[in-house]
Amino acid sequence: MVNLIVELSKYLMILLFACYTLICFTVFGKNRSEKKQQRILRKQTKLIFLIHLNGFVVYLAVLQTRQVIITWAMQAVLLGCILIVYKYIYKRASWLVVNNMCMLLAVGFMILYRLDPDKAVRQYQIAVAAVVITLIIPFFIHKLHFLDRLTWFYAVAGVGLLLVVAVIGSVSYGANLSITVAGVTLQPSEFVKILFVFFVASMLYRSTEFSQVVKTTVVAAVHVLILVASKDLGAALIFFITYMIMLYVASQNPLYFAGGMAAGAAASVAAYHLFNHVRVRVVAWKDPLSVIEQEGYQVCQSLFAIGTGGWFGMGLFQGMPDKIPVVEQDFVFAAISEEMGGVFAVCLLMVCASCYLMFLNIAMQIRDRFYKLIALGLGTVYGFQVFLTVGGVTKFIPSTGVTLPFVSYGGSSLLSTFVIFAIIQGLYILQEDEGMAYGQGNKRRGKGRKKKKAGSRKDPADEA
């Protein structure tokens, strides 16, 4: 009976997730009214809870403990609270972004409960705290109008935090990544990347003259060099690519972009020769089977898991994702591919792509150049982090040790992703308010023109 439930569950989950993903890319069709869009998005919301429930039905059938029901109920309540709060407090928020955030969070809860129930509980607790902390952020983004003037605060705070980690940070997997404050372990680079985006946006918002670009580049290089010195190369790559994209869009100068990419390529070669940590990952990427007993073990196990799962997966609790080292963090995508299937994994990537496209759409629509650059920068941070994670898991690129936002286990990563999405929601609300004000202004001007025209026709002097 259990095997039948598992088998039926995996196909149902794939079908539901495929429907959810399809809505992400079709809800805003040209001929759809706003009311029809809202109805479709409500159906998408229901799919989140059905997918989440489907996974926990399997867990209940396999584990047969009351704790499964309690865990499911607590997680479902959290997802419901997020949706309700955004619906009634931030009525102009992007419902699709909220849905995607909850969907990714639900997938993360499901796979973490499969891999390590204790870590799933901790992830839930962190998520609750993150929701409480970040709910106020859209309000601040909408009301505070001096964020573009805190340029050097962002720079000093970011560089200071990275230096603290480089000097006294704890070493994890060969890199200085975290510090412990009052018993709480934090990875400051997850939050510094947000400060970094604000710094670059405020600098390039003021000017894109050569002298300003040089100043911005020097400070950006300091961030990246400290991360390289700490051997946190995944974060260094995210900072570098984010800066290059923001610089190119702000300046529209292809020479800056070409020069920066050339410098980045040279730095990558230097890092390969300077750090054994980098050489190990490159060797594991080039030919993991030749070093399967050592450097290539993690990558090989990841590829075996993805290949074993195929298109439709083995089913929850039917695979062996625990054979992959650090599977809950860096390689969670491989566990999803093995047990939930390649179709499910592709849909997951499409949902991430939907988030990225929404970020870019907000960046294009918003009129304020400072906020436009922030939306672009945070979108690049999110999109490139997904690329690095999935690229490393599938051996498309060397593994960089970054997490899959909302899905992987990690307190700092989860909290920083909530912050990014909350900022984006604040920018979306700001853009919606600007659009309404602009439309009302045009309407008033149109009425004025109509009155003037009507008056001229009735004016006897004009007729004479």
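Regarding its fold elements, the protein chain presents 18 helices and three strands. Over its C-alpha atoms the protein chain spans a radius of gyration of 24 Å, differing by no more than 12% from the 23 Å that the globule rule assigns to 464 residues. By sequence separation, contacts in the protein chain at least 24 residues apart represent 73% of the contacts at least 6 residues apart. In the protein chain, 41 side chains carry a positive charge and 23 a negative one; their mean positions are 12 Å apart.

A few words now on the nonpolar core. The biggest cluster of nonpolar side chains holds 137 residues, and the ones touching the most others in it are Phe17, Ile82, Phe418, Ile423 and Leu427. The greatest single-element share of this core, amounting to 17 residues, is contributed by helix α4 (residues 95-115). Excluding its chain neighbours within four sequence positions, the residues that come into contact with Phe418 are Ile82, Met101, Leu105, Ala127, Ala130, Val131, Thr134 and Phe406.

On the surface, a cluster of nonpolar side chains totalling about 710 Å² of accessible area is made up of Tyr11, Phe25, Trp311, Phe312, Val346, Met350 and Leu357. Listing elements by their share of the nonpolar patch, those giving two or more residues are α1 (2-26) and α15 (342-365). Examining the composition of the nonpolar patch, we find that three residues originate from one element, α15, more than from any other. Residue class for Leu357 comes out partly exposed when judged on its relative accessible area of 48%.

We now examine unusual backbone geometry. Backbone geometry places Lys395, a non-glycine residue, at a positive phi of 65°. Its location among the elements puts Lys395 in the loop between α16 (369-393) and α17 (411-458). Overall, Lys395 belongs to the partly exposed group, its relative accessible area being 26%. You will see that Phe406, though not glycine, has its phi angle at about 75°, which is positive.

This paragraph deals with the state of the cysteines. This structure, assessed with the given rule, holds zero disulfides. Cys102 takes part in no disulfide bond, and the closest cysteine sulfur to it belongs to Cys81, at a distance of 10 Å. Looking at Cys352, it has no disulfide partner, and the nearest cysteine sulfur is the one in Cys355, 6.3 Å off.

A few words now on the pattern of salt bridges. Within the structure shown, the criterion is met by four salt bridges. Between Arg114 and Glu339 there is a salt bridge whose closest N-O contact spans 2.9 Å. Of this pair, Arg114 sits in helix α4 while Glu339 sits in helix α14 (residues 332-340); the two residues are 225 residues apart in sequence, bridging distant segments of the chain. Residue Arg114 shares its accessibility class with Glu339, and that shared class is buried.

The next subject is the packing of helix α9 (residues 210-229) against helix α10 (residues 233-251). At a closest axis distance of 8 Å, the pairing of α9 and α10 adopts a crossing angle of 165°. One finds that α9 runs roughly antiparallel with respect to α10. As for the relative orientation of α9 and α10, their crossing is left-handed in sense. The segment α9 lies against α10, with Val213, Thr216, Thr217, Ala220, His223, Val224, Leu227 and Val228 engaging Leu233, Ala235, Ala236, Phe239, Phe240, Tyr243 and Leu247.

About the thresholds
Residues numbered from 1 in each chain as written. Predicted model: local features only at pLDDT ≥ 70, side-chain atom pairs only at ≥ 80, totals over all residues. Heavy atoms only, no water. Helix = DSSP H or I, 4+ residues; strand = E, 2+ residues; numbered from the N terminus. Rg over C-alpha atoms; globule rule 2.2 N^0.38 Å. Contact = heavy atoms within 4.5 Å. Lys, Arg positive; Asp, Glu negative; His and termini not counted. Charge placed at Lys NZ, Arg CZ, Asp CG, Glu CD. Core = buried A, V, L, I, M, F, W, Y, C linked by side-chain atoms within 4.5 Å. Buried < 20%, exposed > 50% of the residue type's maximum accessible area, 1.4 Å probe, protein only. Patch = residues over 30% accessible without salt bridge, like charges linked within 9 Å, V, L, I, M, F, W, Y side chains within 5 Å. Areas by Shrake-Rupley, 256 points an atom, 1.4 Å probe, with all protein chains shown as cover. Salt bridge = Lys/Arg side-chain N within 4 Å of Asp/Glu carboxyl O. Disulfide = S-S within 2.5 Å. Axes fitted to C-alpha atoms, helices over the stretch in contact; angles between N-to-C directions. Parallel < 35°, antiparallel > 145°, perpendicular 65-115°, else oblique. Left-handed = near helix turned anticlockwise from the far one by under 90°.

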